[in-house]
Each structure stands twice: as C-alpha cells, then as structure tokens.
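# Notes for the structure review
Now for the letters of each chain:
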Amino acid sequence: MKSQPLIRTCLFVTPLIAISLLTGCASNAPSNTSNNGSNYSQQNANSYSTPYQNNAANYGVIDAIQVIRPANNTSGGGAIVGGLIGGLLGNQVGNGNGRTAATVAGAVGGAMVGNNVEHNKNTRNADQYQIQVRLDNGSFTTLVQDSLYDLRVGDRIRLINGQVNRY
C-alpha cells in the first residue's frame, strides 16, 4: 500500500516538472519575419543595429553645396577715429589754404584707413558651407558646416550628430 502514494505523487509531480521545463525554454521576445523568410528577434535587431530601412532619414545624397561668407559690416567707429587722427595729422602740415587742404585730405584718408582696419578686424576667416541633402526617405534637409572635407555634389552621405559624412 505504500507504493500507491508514491505513484500518485509521481503522477502529480511529473507533469509539473515537464511543464516547467518546457516553459523555461520558451522565448517571450516577439519575432519578425523578414522578406527572405528568416526569423529574427526584434529585441536583438534593436540592440545591435537597426536595419537600413529604419535609418533612411540618416542616409542620402548631396544635392547642392553653397559657400556662406559671413557679413563683414563695420560700425563706422573705425572711420570716425581714423578721420579724427588723419585730420589732426593733416592740420600739422602747412599754413593757410594748404593747411586746410591737408586737414581735409588727412581726415578723408584717415577715415578710409580706419574703416579698412575695422573691417579687417571684424573679418572672419572661416567660410561656412550650406549643404542640401536629399535623404533616402524622400525628404530634404539643409545643414551648415565649417568644413567640406572631401564632400562633393552627388556623394552618398550619412548624417551623424548633425554632421554630413561620406558613406
């Protein structure tokens, strides 16, 4: 009679062990089927790299490149200071009408020199480049960079951190 409780226990425990073993091997990750019929886990695809189709907004072709030259406006302060200094220096030359002519010539020359000095001081040496890109998803984007590197119209590119890079 002792064997009967053992059999009941085995009949009850054996299916529980089988079910727990089978459920332990099951995967909860959703699966996708690609166009070629192979299955892959969406979780694995996202953790390593996303397929190219999902990154179409990061790849494209350069449509146009334009040089942007910064405006080099002057405030007029250089011309005023230069005119004053030139006028003072011109006033030191000659006497009578000659002195008046030298003062006027010194003021005009000084204003021109002062304006050029201010213009050169405000000049930025670096041009910027406006790059228009036609993305693979059909949209267009325009980015401004300090350097072109080796980029040309028609190059395949990839956008990384807001910068255009050859691909």
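The structure this text deals with has already been given above.
Residues numbered from 1 in each chain as written. Predicted model: local features only at pLDDT ≥ 70, side-chain atom pairs only at ≥ 80, totals over all residues. Heavy atoms only, no water.

Counting across every chain of the model gives four salt bridges. Between arginine 166 and aspartate 155 there is a salt bridge, with the nearest N and O atoms lying 3.8 Å from each other. Taken together, the residues arginine 166 in strand E7 (residues 163–166) and aspartate 155 in the loop between strand E5 (140–145) and strand E6 (156–160) connect sequence positions eleven residues apart. The partly exposed category is assigned to arginine 166, whose relative accessible area is 46%. (Salt bridge = Lys/Arg side-chain N within 4 Å of Asp/Glu carboxyl O. Helix = DSSP H or I, 4+ residues; strand = E, 2+ residues; numbered from the N terminus. Buried < 20%, exposed > 50% of the residue type's maximum accessible area, 1.4 Å probe, protein only.)

Let us look at the nonpolar core. In this structure, Ile62, Tyr129, Ile131, Val133, Leu135, Leu143, Leu148, Leu151, Ile157, Leu159 and Val164 together form the largest nonpolar core, which totals eleven residues. Of all the secondary structure elements, the ones that give two or more residues to this core are strand E4 (128–135) and E6. Among the elements that take part in this core, E4 stands out by supplying four residues, more than any other. (Core = buried A, V, L, I, M, F, W, Y, C linked by side-chain atoms within 4.5 Å.)

As a further point, take the sheet that holds strand E3 (residues 59–68). In spatial order, the strands read E5-E4-E3-E6-E7; together these five strands make up an open sheet with antiparallel pairing. On the outer flanks of this sheet lie E5 and E7, each paired with one strand and no other. For this sheet the average axis-to-axis angle between neighbouring strands, irrespective of direction, equals 45°. Pairing analysis gives three bridges linking E3 to E6, with the strands arranged antiparallel. Within the sheet, the bridge partner assigned to tyrosine 59 lies in E6 and is arginine 158. (Pairing = 2+ DSSP bridges. Axes fitted to C-alpha atoms, helices over the stretch in contact; angles between N-to-C directions.)

This brings us to the side chain of glutamate 118. Residue position: glutamate 118 is located in helix H4 (residues 97–122). Glutamate 118 gets classed as buried once you look at its relative accessible area, which sits at 13%. At a separation of 2.6 Å, a polar atom in the side chain of glutamate 118 contacts the side chain of serine 75. Contact partners of glutamate 118, with chain neighbours within four places excluded, come to Thr74, Ser75, Gly76, Gly77, Gly78 and Ala79. (Polar contact = N/O pair within 3.5 Å; in protein donor to acceptor, adjacent residues only side chain to side chain. Contact = heavy atoms within 4.5 Å.)

Turning to H4, a few remarks are in order. Between its first and last C-alpha, H4 extends 38 Å over 26 residues, near the 38 Å set by a 1.5 Å rise per residue. Buried within H4 we find Ala102, Gly106, Gly110, Gly114 and Glu118. (Expected span 1.5 Å × (residues − 1).)

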